Amino acid sequence: MGLRKFFEDLRQQRGADAPGEAVGEAQVAERMAQAYEAAEANDYESALAIWGPLAHQGVARAQNNIGKCFGDGLGVDRDSALALRWLTLSAEGGDPVGQRNLADVYFRGEGVEVNAVRAAELYRVAAEAGDGPAQDMLSWMLVEGEMIPGDISDAKRWAEAAAAQGIVPAMTRLGMMYHNALGVERDAAAAARWWDKAAALGDADAQAMLGAAYQLGAGVPRDGVAALMWLLRAQAGASALAEPFIHPTFAALSVAEIERAKKLADLPLPESA
């Protein structure tokens, strides 16, 4: 029996007696660890063979993992319909990651019509359960305010929650909120602090905005070498935000300063302050 047929049979048998004995929490944790180890080695067939019976027994994270594999074509042929079915089971089972991944499906319209409202609902449920990427995505949707009604104060709250978990785009967004006075008073220093955190973690847009801040002396001391260093990193990361600032920064520096900035840009990223 192929993996695709195996998982489809598991889905259809939901609610029937599971094959074999139910496993306890310790056994579930052990088997999930084995599956993750296999997945990390790109052996998704072995991982799926472990997740399958666990998913049948109602382990929501295993259901999520199967759905994600069908969605991304990992170990099985890509199948958006089966991804939707398994992620729905996981979300209904209360797994925040499954809720977030199901939200992604509705947001992108993979195997289902695009439904931003439903996506936002699922992101919010996952965010309230503490899922950092869901908090970040909900924050972004609330800032944009195009697909769902905007709410800047709520967007800031969720961005802060996501940033506290190390979600880098949320840090960059907080910098933009302080820079543009969105839901807060304009605070160039706070904007620069958030961009510094995100820039040190590799976010190209944050690097561009931090470079601009150093060029203009906005929230940080004016420093042309630091400005060019961050702008060059942002340019290498394909941030379009660097383009308006990089040529004026070059023009304001000496040859020696430009060479110094280039050398600094080639170094490993410094730790954020």
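Because the structure is a prediction, the values reported are computed rather than measured. (Residues numbered from 1 in each chain as written. Predicted model: local features only at pLDDT ≥ 70, side-chain atom pairs only at ≥ 80, totals over all residues. Heavy atoms only, no water.)

Trainee: When you look at the packing of aromatic side chains in this model, what are you seeing that I'm missing?
Mentor: Two aromatic rings are characterised by how far apart their centres lie and by the angle between their planes. Here the structure, examined in full by the defined rule, presents 2 aromatic pairs. Ring centres of Tyr-36 and Trp-51 lie 5.8 Å apart, and the angle between their planes is 65°; on these two criteria the pair is classed as edge-to-face. With Tyr-36 in helix α2 (residues 25-40) and Trp-51 in helix α3 (residues 44-56), the pair connects residues that are 15 residues apart, well separated along the chain. A relative accessible area of 3% means that Trp-51 is categorised as buried. Between Phe-107 and Trp-140, the ring centres sit 6.1 Å apart and the planes meet at 75°, which makes this aromatic pair edge-to-face. Here Phe-107 is found in helix α6 (residues 96-108), whereas its partner Trp-140 is found in helix α8 (residues 132-144), with 33 residues between them in sequence. Judged by relative accessible area, which is 22%, Phe-107 ranks as partly exposed. The ring of Trp-230 is capped by Arg-233, whose NZ or CZ atom sits 5.7 Å from the centre of that ring. (Phe/Tyr/Trp six-rings, centres within 6.5 Å; stacked < 30°, edge-to-face > 60°. Helix = DSSP H or I, 4+ residues; strand = E, 2+ residues; numbered from the N terminus. Buried < 20%, exposed > 50% of the residue type's maximum accessible area, 1.4 Å probe, protein only. Lys NZ or Arg CZ within 6 Å of the ring centre and 35° of its normal.)

Trainee: Please clarify how the packing of helix α11 (residues 188-200) against helix α12 (residues 204-216) should be interpreted in this entry.
Mentor: The description of two helices packed together rests on the angle between their axes and the distance between the axes. For the pair α11 and α12, interaxial distance at closest approach is 8 Å and the crossing angle is 135°. In terms of orientation, α11 lies oblique with respect to α12. Once α11 is placed against α12, the crossing between them reads as left-handed. Counting all contacts with α11, which are made through Ala-192, Trp-195, Asp-196, Ala-198 and Ala-199, the residues of α12 involved are Ala-206, Gln-207, Met-209 and Leu-210. In terms of residue class, the contact of α11 with α12 is built from 7 nonpolar, 1 polar and 1 charged. (Axes fitted to C-alpha atoms, helices over the stretch in contact; angles between N-to-C directions. Parallel < 35°, antiparallel > 145°, perpendicular 65-115°, else oblique. Left-handed = near helix turned anticlockwise from the far one by under 90°. Contact = heavy atoms within 4.5 Å. Nonpolar A, V, L, I, M, F, W, Y, C, P; charged D, E, K, R; others polar.)

Read these as geometric descriptors, not functional statements.
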